[in-house]
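Here are the chains, one letter per residue:
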Amino acid sequence: PSYKKFIKQTGLVNSQENQGFYPSWPTSIPVFLRISIDHILHSPDIKTISFKTLSNNGSDHLPTFAKLAFK
């Protein structure tokens, strides 16, 4: 509920929207049990070209990567 309220109030866009499901936490369990709690947010004037999670770098979260462009 807090995340949805934040998005509504700010008008920001989650770069993962329409890019598939990329669960990022926790890395200690199988991927199908993970949840997507790491976000890259941007203004509506920017579009997402691609979004993905990267290889585990030792954290309990997978790094996230988005390729963005101005609309």
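Provided above is the structure to which this section pertains.
Quick look at the structure, then.

1. Overview of the environment of Lys71
Stage number 1. Secondary-structure assignment places Lys71 in the segment after strand 4 (64-70).
Stage number 2. According to the relative accessible area criterion, Lys71 is exposed, its value standing at 70%.
Stage number 3. For the pair formed by Lys71 and Pro44, sequence separation is 27 residues and the distance between their alpha carbons is 8.6 Å.
Stage number 4. For Lys71, the side chain forms a polar contact with the main-chain oxygen of Pro44, separated by 3.0 Å.

2. A short note on the environment of Thr48
Stage number 1. Along the chain, Thr48 turns up in strand 3 (residues 46-53).
Stage number 2. When sequence neighbours within four positions are dropped, the list of residues in contact with Thr48 reads Ser15, Gln19, His42, Lys67 and Leu68.
Stage number 3. Polar side-chain contacts of Thr48 include one of 3.3 Å to the backbone oxygen of Ser15.
Stage number 4. A distance of 3.2 Å separates polar atoms of two side chains, one belonging to Thr48 and the other to His42.

3. Here's the deal with unusual backbone geometry
Stage number 1. With an omega of -15 degrees, the peptide bond running from Trp25 to Pro26 counts as cis.
Stage number 2. Within the secondary structure layout, Pro26 lies in the loop between strand 1 (13-14) and strand 2 (41-42).
Stage number 3. Phi at Asn18 is positive, roughly 60 degrees, even though this residue is not glycine.
Stage number 4. With relative accessibility at 79%, the residue Asn18 sits in the exposed group.

Basis of the calculations
Residues numbered from 1 in each chain as written. Predicted model: local features only at pLDDT ≥ 70, side-chain atom pairs only at ≥ 80, totals over all residues. Heavy atoms only, no water. Helix = DSSP H or I, 4+ residues; strand = E, 2+ residues; numbered from the N terminus. Buried < 20%, exposed > 50% of the residue type's maximum accessible area, 1.4 Å probe, protein only. Polar contact = N/O pair within 3.5 Å; in protein donor to acceptor, adjacent residues only side chain to side chain. Contact = heavy atoms within 4.5 Å.

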